[in-house]
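As a plain string of letters, each chain reads:
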Amino acid sequence: MERLERLINPRVNEIQISGIRKISNLVSTYKDAITLTIGQPDFPTPEHILRSAEQAIADHRTTYTPNPGLPELRQAISSFAEAKYGLKYNAADEIIVTTGASQALDITLRTILTEGAEVILPGPIYPGYEPLVRLCGGVPVYVDTRDNGFKLTAELLEPHLTDKTRCIILCYPSNPTGRVMTEDELLEMARLLEARDLFIISDEIYSELIYDAPHRSIAALPGMRDKTIVINGLSKSHSMTGWRIGFTLAPAYLSQHMVKVHQYNVTCASSISQYAAIEALTAGIDDALPMKAEYVKRRDFVYDRLVGMGIDLVKPEGAFYLFPSIQQYGLSSMDFTMRLLEEQRVAVVPGDAFSIYGEGYIRISYAYGMEVLERAMEKLEMFVKTL
Ligand code: PMP
């Protein structure tokens, strides 16, 4: 066994279980714990989408679809992206339907990365990127955004750009911080990147969950379309995490290569989910609105409670996370999280799960009902009073 184990690809061997998973596994051993760790909407998938999937099954729409997805779905994605964000992509050759945003990220990175290619990650950041970058032989280069309210700026980015920089990953609205970039901030970044030969992966999976301003995509800014791959999907906007529908928007010269990786990777996304996705993006184009109204209430409630406890944090503009600082308590984010769980049975995610640049913070998800959030805040308040 040991001899054979040594033959396992070292890049796979070195991948660590994510910090979020570790905490979730631990929480399951505390039966009475209140968990605020989850990164998926607590709303059910809208009824009309469920019905359309049932209809697809009844109609025996259970075969392979074209590799990049059903033409009708790609058309619906094209119209959705244009109506919502002013992004113009051809249904025929610039859109690929994927197995969630996760697979969209994988086919993109595998298309553009070669050995030693540097990938800029503004930290703290979603932990799903680094392992995929490493599997491609890429080198993650983190940029610390903590002193700038967790937003990457052209000024912070510039010193990290080298001849080997192949790609910059932007995730706004951000998981874990909920921060959003303004159009002016994106414009400044676009000006810096315009003349450079590199790609931007813009993970916009939370684009429908922005509370105070319309979503802006860097792909819509001057000079950016040719070098940007937009990643999005229905997991968060339509509460469809288990349906596994994501998509990429990328110029044809890139999409034609990405679709080859996709074809040999999964052939196509689930046919039934694709029919449901057509319904979601046509009849359900504004399905996120009622959820959004509820998220705003929760965000404001949790934010006000944390401020009331004397906790330092920036007010997030999107997604469903808050990322408060715990630095004043002199505990590492892991120690704070463990003690909160042990002493008050409340589970949050330690900030260091989002790279070392998340150290000193915790992530609180508000994808939970008000009653749960109220109880959790009472317990958190009792806990911090003891520190
Ligand atoms: N990107 C970010 C920033 C996410 O938070 C997530 C899910 N937590 C994903 C991508 C993956 O999305 P999907 O479920 O569609 O694969």
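- By the naming in an unreviewed UniProt entry, the protein chain is Aminotransferase, taken from Paenibacillus cremeus.
- In its Cofactor (unreviewed entry) section, the UniProt record describing the protein chain reads: "pyridoxal 5'-phosphate".
- Here is the UniProt Sequence similarities (unreviewed entry) comment for the protein chain, exactly as written: "Belongs to the class-I pyridoxal-phosphate-dependent aminotransferase family."

1. What to know about the overall build of the protein chain
- Of the regular secondary structure elements, the protein chain holds 14 helices and 12 strands.
- Each principal axis of the C-alpha distribution contributes one length, and for the protein chain these read about 60 × 55 × 50 Å.
- Counting the 387 residues in the protein chain, one finds 48% classified as buried.
- Taking the contacts inside the protein chain whose residues are at least 6 apart along the sequence as the reference set, 76% of them involve residues at least 24 apart.

2. Digging into unusual backbone geometry
- Note that the residue after glycine 123, namely proline 124, is joined by a cis bond; omega there is 0°.
- Looking at the secondary structure, you find proline 124 in the loop between β3 (118-123) and α7 (129-135).
- The phi angle at arginine 345 is positive, at roughly 60°, despite the residue not being glycine.
- Within the secondary structure, arginine 345 sits in the loop between α13 (333-344) and β10 (346-347).
- With 17 C-beta atoms packed within 10 Å, arginine 345 lands in the partly exposed category.
- Notably, serine 355 is not glycine yet its phi reads approximately 90°, a positive angle.
- With 22 C-beta atoms packed within 10 Å, serine 355 lands in the buried category.

3. Points about the nonpolar core
- Core analysis: the largest hydrophobic core is formed by 109 residues, its most contacted members being Ile169, Leu249, Val346 and Tyr366.
- Both domain 1 (2-45 + 287-385) and domain 2 (62-281) contribute no fewer than three residues apiece to this core.

4. Side note on the sheet that holds strand β6 (residues 199-203)
- Reading across the sheet, the seven strands line up as β2-β8-β7-β6-β5-β3-β4 and stay open at both edges, with mixed pairing between neighbours. Taken across any chain shown, the strands that pair with only one partner, and hence form the sheet edges, are β2 (95-98) and β4 (139-144). With direction set aside, neighbouring strand axes in the sheet form an average angle of 20°.
- Relative to β4, β3 runs parallel, the two being bridged by six bridges. Looking at the pairing, glycine 123 lines up with aspartate 144 of β4.
- Here helix α5 (residues 71-85) sits on the sheet and contacts β2 and β8 (246-249); the angle it forms with β2, its principal contact strand, is near 110°.
- Helix-sheet contacts for helix α6 (residues 100-112) involve β2, β5 (165-171), β6, β7 (228-233) and β8, and the interaxial angle to β7 is about 160°.

5. Some points on the domain arrangement of the protein chain
- Domain boundaries in the protein chain define domain 1 (2-45 + 287-385) and domain 2 (62-281).
- Taking only C-alpha atoms into account, the centre of domain 1 sits 24 Å from that of domain 2.
- Contact residues are listed per partner, giving 35 residues for domain 1 and 36 residues for domain 2.
- In terms of residue count, the dominant contributor to the side of domain 1 that touches domain 2 is helix α12 (residues 288-308) (six residues).
- Within the side of domain 1 that touches domain 2, the residues separate by chemical class into 20 nonpolar, nine polar and six charged.

6. What to know about the packing of α6 against helix α10 (residues 252-266)
- Their axes nearest at 9 Å, the elements α6 and α10 cross at an angle of 120°. The angle between the axes of α6 and α10 places the two elements in the oblique class. Remark: the crossing between α6 and α10 carries right-handed chirality. In this structure, α6 uses Gln103, Ile107, Thr108, Arg110 and Thr111 to contact α10, whose residues at the interface are Leu254, His257, Met258, Val261, His262, Asn265 and Val266.
- When its residues are assigned to classes, the contact of α6 with α10 shows five nonpolar, six polar and one charged.

7. A short note on the site of the ligand
- In the vicinity of the ligand, 14 residues are found, and the nearest of them are Gly100, Ala101, Ser102, Asn175 and Ser235.
- With three residues, α6 is the largest single contributor of residues to the shell around the ligand.
- Its residues placed into classes, the shell around the ligand shows four nonpolar, nine polar and one charged.

8. Observations regarding the confidence of the model for the protein chain
- Of the residues in the protein chain, 100% reach a pLDDT of 70 or more, and the chain-wide mean stands at 96.
- Here the predicted complex carries an ipTM of 0.99, next to a pTM of 0.97.

So, how was this worked out
Residues numbered from 1 in each chain as written. Predicted model: local features only at pLDDT ≥ 70, side-chain atom pairs only at ≥ 80, totals over all residues. UniProt positions renumbered as here; feature names shortened; annotations may be inferred. Helix = DSSP H or I, 4+ residues; strand = E, 2+ residues; numbered from the N terminus. Buried ≥ 20, exposed ≤ 12 C-beta atoms within 10 Å, placed from the backbone. Contact = placed C-beta atoms within 7 Å. Core = buried A, V, L, I, M, F, W, Y, C linked by C-beta atoms within 7 Å. Domains from an automatic or database assignment. Pairing = 2+ DSSP bridges. Axes fitted to C-alpha atoms, helices over the stretch in contact; angles between N-to-C directions. Nonpolar A, V, L, I, M, F, W, Y, C, P; charged D, E, K, R; others polar. Parallel < 35°, antiparallel > 145°, perpendicular 65-115°, else oblique. Left-handed = near helix turned anticlockwise from the far one by under 90°. Near = placed C-beta within 6 Å. pLDDT = per-residue confidence, 0-100.

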